[in-house]
Amino acid sequence: MKKVIVTGGAGFIGSHTVVELVAAGYEPVIVDDLRNSEERILNGIETIIGFRPTFHRLDCTDPIAVSSMLDEEGDVHGVIHFAADKAVGESMSRPAMYYRNNIGSLAVLLSLMRERSFKHIVFSSSCTVYGQPDSLPVSEDSPDRNASSPYGETKVVCEQLVRRQCEAVPGLKAALLRYFNPIGAHPSGLIGELPRGVPNNLVPFVTQTAAGLRDRLRVNGDDYDTVDGTCVRDYIHVVDLAQAHVTALAWLEQAEPQTCEAFNLGTGKGRTVMEVVNAFQKENKVIVPYVVGPRRAGDVVSVFADTTKSREVLRWEPQLTLEDAVRDAWRWQRALAVKA
Ligand code: UD1
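Quantities reported herein were computed from a predicted structural model and do not represent experimental measurements.

Caption draft 1: Quick peek at the site of the ligand. Near the ligand you find 20 residues, and of these Leu-202, Arg-218, Arg-233, Arg-296 and Asp-299 are the closest. Residue Ser-126 places a side-chain N or O atom 3.1 Å away from an oxygen atom belonging to the ligand. One nitrogen or oxygen atom from the main chain of Leu-202 is found 2.8 Å from an oxygen atom belonging to the ligand. Relative to its free-state accessible area of 740 Å², the ligand is covered by the protein chains to the extent of 87%. Among the elements that make up the shell around the ligand, the one with the highest residue count is strand β8 (residues 217–220) (four residues).

Here it is in structure tokens:
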């Protein structure tokens, strides 16, 4: 079996990708320091796939720890690198930590991959690299903008680092996956997102409000130039997103050496904040109390993906709907409440 190192494999997208790797016949090895996850996610993975994948608890910025883990694992087919800090607001107050962790961990991995002649890396990027694009839907060749946060800047720099490494290292191949807004959870209700503290992202805040853990959702502005005045994003089910990683890895296997390609992972459909809230209420037959507040600093008005390249090159297309995602997100929230 082809062994795949999944850094951040206990995280939101990482854990779902581990499940999809197993379904596709790969052998995932989870590397995570659990700073933003918990043992229960590993238990959930185990229940879904029927065994516990190898797990190394370590910090990917630590070259000695990563090196000895790789020595132990031996023959590695590829690396999917999720491990990173991802809270935009926190990155504004702790820029050095974001640069050190996000760029540092990637630099450590790429150096150690080179020493061992590993060929495939799939990197977790974000549509944040586009800022507010000039035209929508946004395609992969749209220029990178000044990212609006240190978090976003680390994604731009990391993409550039992967590109440079592919130019420099014979045989290395990479896919840069630019996620739009991942939401939902595994339909089993056994794994999902574990937000720390008060959620920043829309859907975790909605689920916690519906569960009575928050008084009300604050809709961040309803005076934008959009159909209902609220911001537009491209929400994609995390299971579709996870499958795209497996597809990208398989695509890299047959790609030319030195390949480094970016792909948008979205649905191509823009939805407003209120469309998401309404879909959640309708599908789950629950009320989400909300108030309209001021605009959130740094928000772009509207962004959604041009998915032509991922459809035509990767032959990947999302299968699940917004309705599936809000149902699965609510099932996961209820499972959390029961087990907490
Ligand atoms: C944010 C990051 C993005 C990152 C992603 C990770 C910014 C500018 N972008 O995306 O780089 O990859 O998180 O998941 O921060 N909203 C509310 N009320 C809330 C929460 C959100 O109205 O309580 C609105 C936001 O204003 C926005 C939309 O919901 O219009 C989506 O917000 P969010 O889920 O935070 O994602 P992004 O900001 O798109």
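Caption draft 2: Summary view of the pairing of strand β4 (residues 78–81). Judged by which residues are buried, β4 turns out to be covered on both faces: Gly-78 and Ile-80 on one side and Val-79 and His-81 on the other are all buried. Strand direction decides the pairing type here: β4 and strand β5 (residues 120–126), joined by four bridges, are parallel. When the sheet's bridge partners are listed, Gly-78 is paired in β5 with His-120.

Caption draft 3: Highlighting the environment of Asp-299. Within the element layout of this structure, Asp-299 appears in the loop between β13 (290–293) and α10 (308–314). Not counting residues up to four positions away in its chain, the partners in contact with Asp-299 are Asn-220, Tyr-224, Cys-231 and Arg-233. Among the polar contacts listed, one links the side chain of Asp-299 to the side chain of Arg-233, at a separation of 3.3 Å.

Caption draft 4: Focus on the sheet that holds strand β2 (residues 27–32). Spatially, seven strands are ordered β3-β2-β1-β4-β5-β6-β11 in an open sheet, and the strand pairing comes out parallel. Edge strands, defined here as strands with exactly one partner in the open sheet, are β3 (54–57) and β11 (260–265). Across this sheet, the average inter-strand angle for adjacent strands is 20°, counted without regard to direction. As defined by bridge partners, β5 adjoins strand β6 (residues 173–179) across seven bridges and the pair is classed as parallel. Among the inter-strand pairings, Ser-126 is bridged to a residue of β6, identified as Tyr-179.

Caption draft 5: Representation of unusual backbone geometry within the structure. Between Leu-136 and the following residue, Pro-137, the backbone shows a cis peptide bond with an omega angle of -5°. Along the chain, the position of Pro-137 falls in the loop between β5 and α6 (150–168). For Lys-285, which is not glycine, the phi torsion reads 50° and is therefore positive. Tracing the backbone through its elements, the reader meets Lys-285 in the loop between α9 (273–284) and β13.

Caption draft 6: Molecular detail of the packing of aromatic side chains. According to the stated counting rule, one finds three aromatic pairs in the structure shown. Plain terms: the ring middles of Trp-251 and Phe-263 are 5.2 Å apart, the flat faces sit at 85° to each other, and that makes the pair edge-to-face. Taken as a pair, Trp-251 in helix α8 (residues 238–253) and Phe-263 in strand β11 lie far apart in primary sequence, twelve residues in all. Judged by relative accessible area, Trp-251 falls into the buried class, the value being 15%. On the basis of an interplanar angle of 75° and a centroid distance of 5.7 Å, the ring pair of Phe-280 and Trp-330 is categorised as edge-to-face. Remark: Trp-330 occurs in helix α11 (residues 322–339) and Phe-280 occurs in helix α9; sequence separation between them is 50 residues. Exposure remark for Trp-330: the relative accessible area of 9% places this residue in the buried category. For Arg-295, the ring lying beneath its charged end belongs to Tyr-224, and the centroid distance is 4.0 Å. Taking the ring centre of Phe-263 as reference, the NZ or CZ of Lys-309 above it sits at 4.9 Å.

Cut-offs applied
- Residues numbered from 1 in each chain as written.
- Predicted model: local features only at pLDDT ≥ 70, side-chain atom pairs only at ≥ 80, totals over all residues.
- Heavy atoms only, no water.
- Near = heavy atom within 4 Å.
- Polar contact = N/O pair within 3.5 Å; in protein donor to acceptor, adjacent residues only side chain to side chain.
- Areas by Shrake-Rupley, 256 points an atom, 1.4 Å probe, with all protein chains shown as cover.
- Helix = DSSP H or I, 4+ residues; strand = E, 2+ residues; numbered from the N terminus.
- Buried < 20%, exposed > 50% of the residue type's maximum accessible area, 1.4 Å probe, protein only.
- Pairing = 2+ DSSP bridges.
- Contact = heavy atoms within 4.5 Å.
- Axes fitted to C-alpha atoms, helices over the stretch in contact; angles between N-to-C directions.
- Phe/Tyr/Trp six-rings, centres within 6.5 Å; stacked < 30°, edge-to-face > 60°.
- Lys NZ or Arg CZ within 6 Å of the ring centre and 35° of its normal.

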